[in-house]
Amino acid sequence: MKNLIRQYLLAGLPFLFIGLILNPWLVSWLFNETFPTTIFSGILFFSILLIAIGWGIIYKKQKFLSWLYEKYKELALIFLNIIVLFGIINFIAAIILYKPVKNISSRAYYYDPMDVFNDSIEFMRSIYPGKSDEEIKELILFTNPYQNHPVLEYQEKIQTSSFYNVGFEGVRFDQKVNQKNVASLINGAVWVFGGSTTFGQGVKDDETISSFLNRLDTSNTYINFGVHAYHQTNEIEKMLLLLKKGYKPSRVIFIDGLNDITRMIETNFHPLETPALAKSAYSSDYNIATKETGNSVLKQLPATRLIRSMMGREKGPDQKKLLPWNQYDNVYDPENMYNLNPKQHFQSTVLRSPYKPIDTAGLNYVIWKLEVFYKFNYQYLQKITEAYEIPFSIYYQPIGILEKGNPFWKDTLTTNTAPLFVNFNYIVPKIKEIIHQWQLSSFYDISSVDDSCSKCYVDLTHYNPRLNRMMAVAILNTQQKNVTLLKKHK
């Protein structure tokens, strides 16, 4: 009998000891931590529970253990039934909420480099002659180029790799400009701004436009400030930030066209208030400081979403509304959907895409937006560069989407009817015509550079080394003409 009492005592003491030690006051003192009320209460409850179990084992012995076992079986059965019922309820809610999504494949009529690499490596070898399969894969796998920036929407991803090297002030390096000398070269250099074509998506550091400019014009240093998805306004903001930091170039160059069109289609804001990424327009409502935490998983449960939708608090896909093509959102109107319901407004922007058919009225409105966009940006650049005594030039780039000989189009018939091609084929000629009518001294249309190089693309939009070199030659030719004209004028 004494051995039995001793056994119960030894079994119960650890529970008592741990329960007494694991009290919230002692734990707070040991870890020098102040717990929130919920956690404090949880620790206290657990501590009392352990003490109660220890006391029951020591004083009630077998009677307590039998009672505890019966209660455990009852609770286990109840808990199992709750799990089964929970699963059934969420399954039924998921069926009620389910709406089949009709995806329009944007790749139905053109090849994606990564898909082609996996399915037909020979095709990509012809695009990248002389490069190994590993090198090709590394060049086309660079698909997440964005990195946070506290002032600009974002910046180019800072990295060191075999082919993509980006560092100081978001500069992409080449054979002349590198991490060691960029800080000493930035002042007095020619700054080159643009999107991913300027950055050099799909080509090595020494195969970008800026790299070829450095090789062809050794009297100057060209610095590559290209950033994926940037349009002209973002590039101007980047230039202003560099100027505010005290840097000063000898000249600034902007290479634009593709992203400007895409962003004007994808968003419904004033041309001069258009972000590079639509999601950036809602950062004050949805960001790391304001995002709700702790209940995101619970809110995603089908049963929770069904209850919220019945209460009118859950906005699903059926809440998306088409944003008008004939007017832009007035962000200064408190009654505008942009201000009343930013989340719903963003869901509506998802419906806007250059990959989908757009009627003539919508396309004409995009053209008007681009006309305002370029006109006011040009006037602003004139004033800024005059104040800083910096010459500038803008180059309207070749648009790979419009090149029917682009190897990434599947076939000519498909190309002619593809919404992406139709939309750009309507917009680009009219924009080029407007640029020519303006006859602006620093705005050049070099979009025809690829006429003799239809297969000079590494995907549907980005240039291969040969076309990048041709772009560099075209840029230098316009600068040489300017110098000649200035000498004649003098």
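Counting starts from 1 at the beginning of each chain's written sequence and moves along it residue by residue. Predicted model: local features are reported for residues with pLDDT of at least 70 only, side-chain atom pairs are reported and counted for 80 or more only, and whole-chain, interface and lining totals are derived from all residues. As a rule here, side-chain values cover all heavy atoms of the structure and leave hydrogens and water aside.

A. The overall build of the protein chain, seen in detail. Strands are runs of DSSP state E lasting at least 2 residues, helices are runs of H or I lasting at least 4, and numbering of each runs from the N terminus. Broken down by element type, the protein chain carries 20 helices and 7 strands. Categorising residues by exposure relies on relative accessible area from a 1.4 Å probe, with only protein chains included: less than 20% of the type maximum marks a residue as buried, more than 50% marks it as exposed, and the intermediate range marks it as partly exposed. Counting only residues that meet the buried cut, the protein chain has 45% of its 490 residues in that class. A separation of at least 24 residues holds for 73% of the contacts in the protein chain among residues at least 6 apart in sequence. Carbon and sulfur atoms form 59% of the exposed surface of the protein chain, whose accessible area is close to 27100 Å². We call two residues in contact whenever any of their non-hydrogen atoms come within 4.5 Å of each other. Only the protein chains shown count as covering a residue, and every accessible area follows the Shrake-Rupley method with a 1.4 Å probe.

B. Structural context of the pattern of salt bridges. We define a salt bridge as a side-chain nitrogen of Lys or Arg found within 4 Å of a carboxyl oxygen belonging to Asp or Glu. Taken as a whole, this structure holds 6 salt bridges when the rule is applied. Across the salt bridge formed by Asp133 and Arg125, the nearest N and O atoms sit 2.6 Å from each other. Take Arg125: its relative accessible area is 30%, and that puts it in the partly exposed class. Because the salt bridges share partners, they merge into one network encompassing Glu122, Arg125 and Asp133.

C. Up close: the sheet that holds strand E6 (residues 392–396). Paired strands are those between which DSSP finds at least two bridges. An order of E4-E3-E5-E6-E7 is seen for the 5 strands of this open sheet, with the pairing classed as parallel. Because the sheet does not close on itself, it has two edges, and the strands there are strand E4 (222–224) and strand E7 (443–445). This sheet shows a mean twist of 20 degrees between the axes of neighbouring strands, independent of strand direction. Of the pairings in the sheet, the one linking E6 to E7 comprises 3 bridges and is parallel in character. Paired with Ile394 across the bridge in E7 is Phe443. Between the N-to-C directions of two axes lies an angle of 0 to 180 degrees, each axis being a line fitted to C-alpha atoms and, for a helix, fitted only over the stretch in contact.

D. Local environment of the side chain of His149. When you line up the elements, His149 lands in the loop between strand E1 (146–148) and strand E2 (154–156). Identification of polar contacts relies on pairs of N or O atoms within 3.5 Å, with a donor-acceptor requirement for protein atoms, meaning one able to donate a hydrogen and the other able to accept it, and with residues adjacent in sequence counted only if both atoms are side-chain atoms. Within the structure, His149 has its side chain in polar contact with the backbone nitrogen of Leu152 (distance 3.0 Å). Other than its neighbours up to four places away in sequence, His149 contacts Tyr154, Gln155 and Leu241.

E. Quick peek at a nonpolar patch on the surface. Each patch is built from residues lacking any salt bridge and having more than 30% relative accessible area; the joining distance is 9 Å for like charges and 5 Å for nonpolar side chains (Val, Leu, Ile, Met, Phe, Trp, Tyr). A contiguous nonpolar surface patch, about 690 Å² in accessible area, is contributed by Leu80, Val84, Ile88, Phe91, Ile92, Ile95 and Ile96. Mapped onto the elements of the fold, Ile95 is located in helix H4 (residues 61–97).

F. Quick peek at the pairing of strand E5 (residues 251–256). For E5, the buried fraction is high: 6 of the 6 residues fall into the buried class. Because side chains alternate across E5, one face comprises the buried residues Arg251, Ile253 and Ile255, and the other comprises Val252, Phe254 and Asp256, equally buried. Here 5 bridges tie strand E3 (residues 190–194) to E5, and the two strands are oriented parallel to one another. Counterpart to Val192 in the pairing with E5 is Ile253.

G. Seen up close, the side chain of Glu207. Looking at where Glu207 falls in the secondary structure, it is placed in the loop between helix H9 (196–199) and helix H10 (209–216). Overall, Glu207 belongs to the buried group, its relative accessible area being 12%. Here the side chain of Glu207 touches Lys131 through a polar contact of 3.2 Å, side chain to side chain. Residues in contact with Glu207, not counting those within four places in the same chain, are Lys131, Phe212, Arg215, Pro465 and Asn468.

H. Layout of the environment of Ser196. Here Ser196 shows up in helix H9. Residue classification places Ser196 among the buried positions, given a relative accessible area of 8%. Through-space distance from the C-alpha of Ser196 to that of Tyr230 is 7.6 Å; in sequence the pair is 34 residues apart. Not counting chain neighbours up to four residues away, the residues in contact with Ser196 comprise Gln201, Val227, His228, Ala229, Asn259 and His462. At 2.6 Å, the side chain of Ser196 and the side chain of His462 are in polar contact.

I. Focus on the state of the cysteines. When two cysteine sulfur atoms lie within 2.5 Å, the pair is treated as a disulfide. Inspection of the entire model under this criterion finds 1 disulfide. One disulfide in the model links Cys453 with Cys456; its S-S distance is 1.3 Å. Taking the torsion about the S-S bond as the criterion, the Cys453 to Cys456 disulfide, at about -45 degrees, is left-handed. Given a relative accessible area of 2%, Cys453 falls into the buried group. By relative accessible area, Cys456 is classed as buried at 2%.

J. How the structure looks around H10. Most of H10 sits inside the fold, with 6 of its 8 residues counted as buried. Within H10 the residues assigned to the buried category are Ile209, Ser210, Ser211, Phe212, Leu213 and Asn214.

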